[in-house]
Protein chains: 2
Amino acid sequence: MSAATAELSSIPIGLDEIQRAAERIAPHAHRTPVLTSQALDRRCGGTVYLKCENFQKVGAFKFRGALNAVVQLGEAERRAGVITHSSGNHAQAVALAGKLLGVPVTVVMPRTAPGVKRAATEGYGARIVACEPTLEAREAAVAAEIARHGLTLVHPFNDWNVIAGQGTAALELLDQAGSLDLVLCPVGGGGLLSGTALAVKGRRPGLRVVGAEPAIADDARRSLQLGAIQPANDPQTLADGLRTSLGPFTFAVIARHVDEILTATEAEILEAMRFVWERIKILIEPSSAVPVATLLNGQLDARGLRIGVILSGGNVDVEPLFAALAARYL
Amino acid sequence: MSAATAELSSIPIGLDEIQRAAERIAPHAHRTPVLTSQALDRRCGGTVYLKCENFQKVGAFKFRGALNAVVQLGEAERRAGVITHSSGNHAQAVALAGKLLGVPVTVVMPRTAPGVKRAATEGYGARIVACEPTLEAREAAVAAEIARHGLTLVHPFNDWNVIAGQGTAALELLDQAGSLDLVLCPVGGGGLLSGTALAVKGRRPGLRVVGAEPAIADDARRSLQLGAIQPANDPQTLADGLRTSLGPFTFAVIARHVDEILTATEAEILEAMRFVWERIKILIEPSSAVPVATLLNGQLDARGLRIGVILSGGNVDVEPLFAALAARYL
């Protein structure tokens, strides 16, 4: 029995939990639209349905999982508050979930995190605890805060309630797009891909589920090949949401339910992002461009297929463009 | 009788022509979506419905008017072909309309036009005739081409078929958004605002129609005040689609049917564009940001109102941002 199959018996959630998560988050989360693009279909030869989680609250699917975790806490846990560690979309997602539900939120963030991300998280009312930018310092800071204040951790991906929440995007996509052959989404820590796989295979077992990650951060692909979690070693991909390794929960789901992991180079990711911006006129972040890149670079043969793609988020620093416009016109 | 009222008796189109234009363009034009944004509503105090013509074919409302003009040509005119002068969205709109309908298209473009715009227009199969970047050179080049090849001019805005086509966006908006108090759109040459005013006042006479233009290109506002067309004198606003003066047709409609013209500074336009990009996650060009800017800068008191805004297009040069990302990650 391989390491992978050893993990597989311990998946405690499925379609039912994702459907309940969908009901739980419905009062607060957007049912995001699904867009199509003739330009994209012509380029890849398939029919592509883009599930626009860039239009989700906080600009990313992360709000689904964070809300589904925080909303299930008991009264005492809510009063004590929650904690997470992230400098990205998950931090803002937990902060907003806490704000909407009246739960205090603490976010441990490396002191090197961009000021704009820190400000956005504080804007939702979260308390920031800065730490040194190392894994050890982060874990120590989280442990100290939990010990001192009795906080509940909302992990960015290795949490079954978070995974169930992320799966709600795929459920909506299946309803909105009708019959599909394949669902494609990015994979970093694996929360979105795990939730997507559980939702899709639970609803339609014959439908393919494929993950996409940067070629220089292909730890998920290697983890599947080797049957054990491979560390990511902080790859400096522009898809900054996908630098993380899988966790035990997400690895278990992905090993059992995901058909394939594809990759794209940094140049391909940038080209795909630009294609979506220029031709579809929506802002997506680099992580969202990775699955699109696998449609454009030939890794995924899309010809004749109906493909659902989860565009994970739209949070990208547009300062260079606006600085150039301001310099020219103001 | 003022100059303005002298013109008013000569408006040969109304709601009927716009409804017929809508039927005519339906096989080719997108019925673009209407988006809402809690962030925008909170900022301005109203409820705003964004008609997303940035998602229209060629990335701008211009396709509606160009198609409605070209599709009505007789057999001989179609065979001879059409001509227009533009270095922007109208050029691409006529080029695509001609391509779809099998009509040859000639575009007179200043030789200083950005290579990317020239390439985009050529990409739709149009023939480009370069001219010196002056009004006289442009008019001479158009006249010479018409004399030599018997082409039909499709003017960017001073053409009743073009105006009727542009009005179809507002018709859709009224159907999609339900009851509104006010419709707001940018004004450059006035094709969009004229068509919008005819559609809105034809359908619901009590509804306010408001134009928005850059403060440094406020020729439409001054034209209304003075009762005669005021020239724009090539103002270097970043809203490059709004540098044009009104024409006799658009002035006549605007003088009779538009309630007010508001303005925004360059800094306000840039801020509004960034707000839409960052908070709503869609690409809009600076011209589209001008009406949004009048909601954010207090010129339009939006409190308690239901406001439809036509986002005119999404064609903006994103090169500075992608160059910065490429320099950092590739």
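Keep in mind that what you see is a predicted model, and the values were worked out from it rather than measured. (Residues numbered from 1 in each chain as written. Chains lettered and ligands numbered in written order. Predicted model: local features only at pLDDT ≥ 70, side-chain atom pairs only at ≥ 80, totals over all residues.)

For the rest of this paragraph, the subject is the sheet that holds strand β8 (residues 208–214) of chain A. Residue and element names in this part refer to chain A. As summarised here, the arrangement of the six strands in space is β1-β2-β10-β7-β8-β9, forming an open sheet in which the pairing is mixed. In this open sheet, the two edge strands, each paired with only one partner strand, are β1 (34–35) and β9 (260–264). Summarising the sheet, β1 and strand β2 (residues 47–52) pair through two bridges and their orientation is antiparallel. Along β2, the bridge assignment pairs L35 with L50. Against the sheet, helix α9 (residues 160–177) makes contact with β1, β2, β7 (182–186) and β10 (306–311), and its axis sits at roughly 140 degrees relative to β10, the strand it touches most. Against the sheet, helix α11 (residues 219–226) makes contact with β8 and β9, and its axis sits at roughly 145 degrees relative to β9, the strand it touches most. (Pairing = 2+ DSSP bridges. Helix = DSSP H or I, 4+ residues; strand = E, 2+ residues; numbered from the N terminus. Contact = placed C-beta atoms within 7 Å. Axes fitted to C-alpha atoms, helices over the stretch in contact; angles between N-to-C directions.)

A word on the domain arrangement of chain A. Residues and elements named next belong to chain A. Looking at chain A, the domain boundaries give domain 1 (3–60 + 159–311) and domain 2 (63–153). With 22 residues of domain 1 at the contact, the number on the domain 2 side is 15 residues. Only α2 (15–25) and α9 provide two or more residues apiece to the side of domain 1 that touches domain 2. With eight residues, α9 is the single largest residue contributor to the side of domain 1 that touches domain 2. For the side of domain 1 that touches domain 2, the residue count by class is nine nonpolar, nine polar and four charged. (Domains from an automatic or database assignment. Nonpolar A, V, L, I, M, F, W, Y, C, P; charged D, E, K, R; others polar.)

This part is about the sheet that holds strand β5 (residues 127–131) of chain A. All names here are of chain A. Strands sit in the order β5-β4-β3-β6 across an open sheet of four strands; the sheet is parallel. Taken across any chain shown, the strands that pair with only one partner, and hence form the sheet edges, are β5 and β6 (152–153). Seen against the sheet, helix α6 (residues 89–101) touches β3 (82–85) and β4 (105–110) and runs at an angle of roughly 165 degrees to β4.

Overlay of chain B on chain A (RMSD 0.0 Å): rotation 180 degrees, translation along the axis 0.0 Å. The superposition of one copy onto the other is thereby described by a two-fold rotation axis. In this assembly, 100% of the residues forming the interface of chain B have copies in chain A that are likewise at the interface, indicating an isologous arrangement. (Least-squares fit on C-alpha atoms with pLDDT ≥ 70 in both.)

The extent of an interface is frequently quoted as the accessible surface area lost upon association of the parts. Between chain B and chain A, the contact holds 23 residues from the first and 23 residues from the second. Of all the secondary structure elements, the ones that give two or more residues to the side of chain B that touches chain A are α13 (266–280) and α15 (319–329) of chain B. Per element, the largest residue contribution to the side of chain B that touches chain A is seven residues, and it comes from α15 of chain B. Partitioned by chemical class, the residues of the side of chain B that touches chain A number 16 nonpolar, three polar and four charged.

The contact between helix α15 (residues 319–329) of chain A and α15 of chain B brings their axes to 7 Å, and the two run at 130 degrees. Taken together, the axes of α15 of chain A and α15 of chain B are oblique relative to one another. In terms of crossing hand, the pair formed by α15 of chain A and α15 of chain B is right-handed. In this structure, α15 of chain A contributes P320, L321 and A324 of chain A to the contact, and α15 of chain B contributes P320, L321 and A324 of chain B. Looking at the contact of α15 of chain A with α15 of chain B, its residues break down into six nonpolar, no polar and no charged. (Parallel < 35°, antiparallel > 145°, perpendicular 65-115°, else oblique. Left-handed = near helix turned anticlockwise from the far one by under 90°.)

Residues and elements named next belong to chain A. Averaged over every residue, the pLDDT of chain A is 95; residues scoring 70 or more account for 97%. Confidence drops under pLDDT 50 across residues 1–9; counting only partners more than four residues distant or on other chains, this segment forms 13 contacts. In the model output, the complex is listed with pTM 0.95 alongside ipTM 0.94. (pLDDT = per-residue confidence, 0-100.)

Next up on the list: the packing of helix α2 (residues 15–25) of chain B against helix α4 (residues 62–70) of chain B. Residues and elements named next belong to chain B. The contact between α2 and α4 brings their axes to 10 Å, and the two run at 90 degrees. Accordingly, the angle class assigned to the pair α2 and α4 is roughly perpendicular. For the pair formed by α2 and α4, the contact residues are A21, R24 and I25 on the first element and R64, L67 and N68 on the second. For the contact of α2 with α4, the per-class residue count stands at three nonpolar, one polar and two charged.

What follows concerns helix α12 (residues 248–257) of chain B. The buried fraction of α12 of chain B amounts to eight of the ten residues, a majority that puts the element mostly inside the structure. If you check which residues of α12 of chain B are buried, you get F249, T250, F251, A252, V253, I254, A255 and H257 of chain B. (Buried ≥ 20, exposed ≤ 12 C-beta atoms within 10 Å, placed from the backbone.)

Moving on: unusual backbone geometry. Its identity is not glycine, yet D234 of chain A carries a phi of approximately 50 degrees, on the positive side. Relative to the assigned elements, D234 of chain A resides in the loop between α11 and α12 (248–257). One non-glycine residue, V58 of chain B, lies in the positive phi region at around 60 degrees. Looking at where V58 of chain B falls in the secondary structure, it is placed in the loop between β2 (47–52) and α4. Assessed through the 23 C-beta atoms surrounding it within 10 Å, V58 of chain B is described here as buried.

Membership of the largest hydrophobic core comes to 208 residues, with the highest contact counts inside it found for V94 of chain A together with V94 of chain B. Those residues within four positions of V94 of chain A in sequence are excluded, and the remaining contacts are A66, V70, V82, T84, V105, V107 and V154 of chain A. (Core = buried A, V, L, I, M, F, W, Y, C linked by C-beta atoms within 7 Å.)

Bringing the pairing of β10 of chain A into the picture now. Residues and elements named next belong to chain A. Most of β10 sits inside the fold, with five of its six residues counted as buried. Summarising the sheet, β2 and β10 pair through six bridges and their orientation is parallel. Note that in β10 the partner of C52 across the bridge is L311. Where β7 lies against β10, three bridges are found, and the strand directions are parallel. Counted as the bridge partner of L182 is I307 from β10.

Topologically, A170 of chain B is positioned in helix α9 (residues 160–177). Taking the C-alpha atoms as reference points, A170 of chain B and T47 of chain B, 123 residues apart in sequence, are found 17 Å from one another.

Residues and elements named next belong to chain B. Under the 1.5 Å per step criterion, the end-to-end length of helix α6 (residues 89–101) is 18 Å for 13 residues, consistent within 8% with the ideal 18 Å. Of all 13 residues in α6, ten are buried, a share of seventy percent or more. Taken as a whole, α6 has its buried residues at N89, H90, A91, Q92, A93, V94, A95, L96, A97 and G98. Looking at the buried residues of α6, the elements they touch are α4, β3 (82–85), β4 (105–110) and α7 (115–123). Of the residues flanking the end of α6, it is G102, one or two places downstream, whose phi is positive at about 70 degrees. (Expected span 1.5 Å × (residues − 1).)

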